[in-house]
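Working through the structure, step by step
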Amino acid sequence: MPTAEATSHHATVDGLKLRYHEAGSGPPLLLLHGSGPGVSGWANFGGNLPVLAEHFRCLILDQPGFGASERPEVYERNYLRISADAVIGLLDRLELPKVHLLGNSMGGAVATLVALEHPDRVERVVLMAPGGVGINVLGPEPSEGIRRLLDFTADPTRERVVSWLRTMVFDEAVLTEQLVDDRLAAASDPAAIAAIRDAYITFANPTLAEPLPLWARLRNLRHEVLMLWGRDDRVTPVEGALLPSRQLPNADLRLFGRCGHWVQIERKDAFERAVIDFLSTGL
């Protein structure tokens, strides 16, 4: 059983020391976590690594400023660009010409940007409730989950981290005391709070905005894409799947009932089967 410690590695990219976890062999698969209090690559995907590593060379990256990865002192560009550059830099350091990408939430936005701007470095793409590629037309913006996340970063208490975690899942039984304690401990680090706060500031800063939002560029993403979405997602609501499912020319969409934002946790077995089938078929 791979552990966080045994699979942990570091690589320096553009002067930043980045942590990633590696396990397995076969076609390389880079997994990108979402945002949130105390998030890391392992927190998002560590539970899926034993199964996925039986089929792929899995690389789980802590994006800049998250987990144990360093960050620029000042974010002078949109955070998605900072992270996308880190992804390409890591592939260069590991001498990987091409990989599959799997991105969750914010990581889905980063995966989309990498595939759009470096299409020759990407094989297939899995987007799990991705940020930036859909438009909420029925629910509030920001969503309930994002509002609870921002509440926590403004005042990091246990009550607020629990409030945020409840928006992440359909079944609150997933939220064990140990999970809450682990997330609170990681999220209460002032550096972690600053990292997520500063990343979100770049999303709201009009001077750092992209000429075109991701959702307006989707027709140019020619890769085969699998989108996975929880029907009861309160962070990136399921209505956000409609635009990309129409605009992406080679995309399939799968909705998971009894599931919130954490498809990889609440529907773990089905998530892993879907990923393995999609990335393995025809290769």
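Predicted model only: the values in this text are computed from it and were never measured. In this numbering scheme, every chain counts its residues from 1 along its sequence in written order. Whole-chain, interface and lining totals are the exception, using all residues; otherwise, since this is a predicted model, local features are given only for residues with pLDDT of at least 70 and side-chain atom pairs are given and counted only at 80 or more. Water and hydrogen atoms were dropped before computing side-chain values, which therefore reflect all heavy atoms in the structure.

**Examining the overall build of the protein**
- Every helix listed is a DSSP run of H or I at least four residues long, and every strand listed is a run of E at least two residues long, numbered separately from the N terminus. Counting its secondary structure elements, the protein contains 12 helices and 8 strands.
- C-alpha atoms define the radius of gyration in this analysis, and the globule rule sets the expected value at 2.2 Å times the number of residues to the power 0.38. Relative to the 2.2 N^0.38 estimate, which gives 19 Å for 283 residues, the radius of gyration of the protein is 17 Å and therefore close to what a compact globule would have.
- Each of the three principal axes of the protein carries a C-alpha extent, and together these read 45 × 40 × 40 Å.
- Residue pairs in contact within the protein that sit at least 24 positions apart in sequence constitute 74% of those at least 6 positions apart.
- With an accessible surface of roughly 12200 Å², the protein has 51% of that area assigned to carbon and sulfur atoms.
- A distance of 4 Å separates the average location of the 28 positive side-chain charges in the protein from that of its 36 negative side-chain charges. The contact criterion used throughout is that any non-hydrogen atoms of two residues lie within 4.5 Å. Note on areas: Shrake-Rupley with a 1.4 Å probe; residue coverage comes only from the protein chains shown. In this count, Lys and Arg are taken as positive residues and Asp and Glu as negative ones, while His and the chain termini are left out. We put the charge of a Lys on NZ, of an Arg on CZ, of an Asp on CG and of a Glu on CD.

**Here's the deal with empty space enclosed by the protein**
- Of the grid points, spaced at 1 Å and generated over the protein atoms alone, those admitting a 1.4 Å probe that cannot get out make up cavities, while open sets with protein on both sides within 12 Å along at least five of seven lines make up pockets; any residue with an atom within 4 Å of a point is treated as lining. Grid points are joined across faces, edges and corners, and a volume is the space filled by probe spheres set on the points. Under the criterion given, the structure shown has 2 cavities of 30 Å³ or more.
- Space inside the largest cavity adds up to approximately 50 Å³.
- G34, S35, V39, N44, N104, W164, M168, R183, H261 and W262 are the residues that line the largest cavity.
- When the residues that make up the lining of the largest cavity are grouped by side-chain class, the tally is 4 nonpolar, 5 polar and 1 charged.
- Computed from the structure, the second largest cavity encloses a volume of approximately 40 Å³.
- Along its surface, the second largest cavity is lined by S35, S105, I146, L149, W164, M168, Y200, V235 and H261.
- Following the grouping adopted for this structure description, the nonpolar residues are Ala, Val, Leu, Ile, Met, Phe, Trp, Tyr, Cys and Pro, the charged ones are Asp, Glu, Lys and Arg, and the polar ones are all others, Gly among them. Tallied by class, the residues present in the lining of the second largest cavity amount to 6 nonpolar, 3 polar and no charged.

**Here we look at the nonpolar core**
- Nonpolar cores were defined as sets of buried Ala, Val, Leu, Ile, Met, Phe, Trp, Tyr and Cys residues, with membership established by side-chain atoms within 4.5 Å. Exposed residues in this analysis have more than 50% of their type's maximum accessible area, buried residues have under 20%, and partly exposed residues fall in between, with area computed by a 1.4 Å probe over protein chains only. With 66 residues, the main nonpolar core has L30, L61, V114 and V225 as its most contacted residues.
- The greatest single-element share of this core, amounting to 9 residues, is contributed by helix 4 (residues 79-93).
- Excluding its chain neighbours within four sequence positions, the residues that come into contact with V225 are V125, L127, L248, N250, A251, D252 and F278.

**Re the pairing of strand 7 (residues 225-230)**
- For strand 7, a buried count of 6 out of 6 residues is recorded, marking the element as mostly surrounded by other parts of the structure.
- Burial along strand 7 is two-sided: V225, M227 and W229 facing one way and L226, L228 and G230 facing the other are all buried.
- Pairing between strands requires that DSSP locate at least two bridges from one strand to the other. One ladder, built from 4 bridges, connects strand 6 (residues 122-128) with strand 7; its direction is parallel. When the sheet's bridge partners are listed, V125 is paired in strand 7 with V225.
- As defined by bridge partners, strand 7 adjoins strand 8 (residues 251-256) across 6 bridges and the pair is classed as parallel. Paired with L228 across the strands is R254, a residue of strand 8.
- By definition, the crossover connecting two strands over a helix is right-handed if that path, from the first strand to the second, turns clockwise as seen with the strands pointing away from the viewer. In this fold, strand 7 hands off to helix 10 (residues 242-247), which returns the chain to strand 8; that crossover is right-handed.

**With respect to the layout of surface pockets**
- Its volume calculated, the largest pocket comes out at about 1000 Å³.
- In terms of lining, the largest pocket is formed by 35 residues, of which the most central are G131, G132, V133, E141 and F203.
- Listing elements by their share of the lining of the largest pocket, those giving two or more residues are helix 5 (106-117), helix 6 (144-154) and helix 9 (190-204).
- Top element by residues in the lining of the largest pocket is helix 9. It accounts for 4 residues.
- In the lining of the largest pocket, the residues fall into 22 nonpolar, 10 polar and 3 charged.
- Taken as a whole, the second largest pocket holds about 550 Å³ of empty space.
- Surrounding the second largest pocket, 32 residues form its lining, G38, V39, S40, A43 and A186 being those nearest its centre.
- Those elements that place two or more of their residues in the lining of the second largest pocket are helix 1 (4-7), strand 2 (16-23), helix 2 (41-45), helix 6, helix 8 (177-187) and helix 9.
- By residue class, the composition of the lining of the second largest pocket is 17 nonpolar, 8 polar and 7 charged.

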